[in-house]
Structures are given as structure tokens and as C-alpha cells.
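# Descriptive analysis of the structure
Each chain, letter by letter, is given below.
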Amino acid sequence: MIRIFRLASFLHRKRVPLLPRFLYVLNRILFSIALPPSVTLGRNVLFGYSGLGIVVHANCVIGNNVKISQNVTIGGRSGHVAVPVIEDDVEIGAGACVLGPIRVGQGAKIGANAVVLNDIPPGAVAVGVPATLLRN
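What this report covers is the structure whose coordinates are included nearby. Please read these numbers as outputs of a predicted model, since none were measured by experiment.

So, about the sheet that holds strand S9 (residues 97–99). As summarised here, the arrangement of the four strands in space is S3-S6-S9-S12, forming an open sheet in which the pairing is parallel. Looking at which strands have only one partner, the edges of the open sheet turn out to be strand S3 (55–56) and strand S12 (115–116). Strand direction decides the pairing type here: S3 and strand S6 (residues 73–75), joined by two bridges, are parallel. The residue of S6 that forms the bridge with Val 56 is Ile 74.

Next up, the structure:
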């Protein structure tokens, strides 16, 4: 899954037509993950259950050593142009939604099924709907 994405991303940056889109669709079919080739993805990113049900916005930035569980949505929000920036060493629990022009700080943790609509400072733990900080 990640190798297919890396190849699609490489081809997208080289402006190869059609093939990156084909690889994106292949990932959608085989692994049920929506991970467009234009996403900026760091090293050692781990997608739980091979990315099952994960949806990532095309302009999203994800840092290094990030762990993303199944059924997570990282995307835009109505009325906003910007999308989330996920910094290094972040953990996102199953079913969480990270939406809008926000930044999730380094080492932050987002609980399962949390809906994150505001910035999360580095090292914080966010849970709930909408997400609130347990510790900072």
C-alpha cells in the first residue's frame, strides 16, 4: 500500500499523466484507503490495518513517525481552504476526524472517534466530540 503510494507520488511530482491516478485507484480498491499522490507524507508513517477506511485530503501534510488507525478522516472543512498539518510523532486513534485548517503538534495523541476542529498543542491528548484536551 505505501509502496504504491510512494510510486504514485513520485510519478505525480514528475508530472506523469494518468499513471498516478491509476495507482491511486488501485490503492482504493485493494486497501480501501483514499491517499492521493499529492499528499506530503513523511517517513515511517504507519497506517493501521493497511489503511482500511482511511481518507486523507489531497493537500494534507503528514510528518514523520505518525501512526494512523483505521477509519480516520483527515480533511478539509466547509468554508475553509486550508487542510490539517500533522506534525511528527503523532498518534491518531480509530475513527477520529481531523478537519479544517488546523495543526496537530509534535507528539500529540488523538483518541478514538474524536472530532478535532481546533489546533492541538505539542504533546497534548485530545478526546471527545468535539475534541477537548485532557492534558497539555
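Here helix H2 (residues 19–31) is 13 residues long and its end C-alpha atoms lie 18 Å apart, about the 18 Å a rise of 1.5 Å per residue gives. Restricting attention to buried positions, one finds in H2 the residues Pro 20, Leu 23, Tyr 24 and Asn 27. Mapping the buried residues of H2 onto a view down its axis gives an arc of 105°, with all of them on the same face. Away from its buried face by more than 90 degrees, H2 exposes Arg 21, Phe 22 and Ile 29. Taken together, the buried residues of H2 touch helix H1 (2–13). Of the residues trailing H2, Ser 32 is marked for its positive phi of about 55°.

Looking now at the nonpolar core. Counting 30 residues, the largest nonpolar core has Phe 47, Ile 62, Ile 68, Ile 92, Val 98 and Val 104 as the members making the most contacts within it. Filtering out sequence-adjacent residues up to four positions away, Ile 68 remains in contact with Leu 46, Phe 47, Gly 48, Ile 54, Ile 62, Ile 74 and Ile 92.

The next point concerns the sheet that holds strand S1 (residues 40–41). Within the open sheet, the four strands sit side by side as S1-S4-S7-S10. Their pairing is parallel. The open sheet has two edge strands with one neighbour each: S1 and strand S10 (103–104). Two elements, S1 and strand S4 (residues 61–62), share two bridges in a ladder whose sense is parallel. Note that in S4 the partner of Leu 41 across the bridge is Ile 62.

Attention now moves to the environment of His 12. Structurally, His 12 can be placed in helix H1. Residue class for His 12 comes out partly exposed when judged on its relative accessible area of 38%. Along the chain, His 12 and Pro 37 lie 25 residues apart, while their C-alpha atoms are 6.2 Å from each other. Excluding residues within four positions of it along the chain, His 12 makes contact with Pro 20, Pro 37 and Ser 38.

Cut-off values and rules
Residues numbered from 1 in each chain as written. Predicted model: local features only at pLDDT ≥ 70, side-chain atom pairs only at ≥ 80, totals over all residues. Heavy atoms only, no water. Pairing = 2+ DSSP bridges. Helix = DSSP H or I, 4+ residues; strand = E, 2+ residues; numbered from the N terminus. Expected span 1.5 Å × (residues − 1). Buried < 20%, exposed > 50% of the residue type's maximum accessible area, 1.4 Å probe, protein only. Arc of directions from axis to C-beta. Contact = heavy atoms within 4.5 Å. Core = buried A, V, L, I, M, F, W, Y, C linked by side-chain atoms within 4.5 Å.

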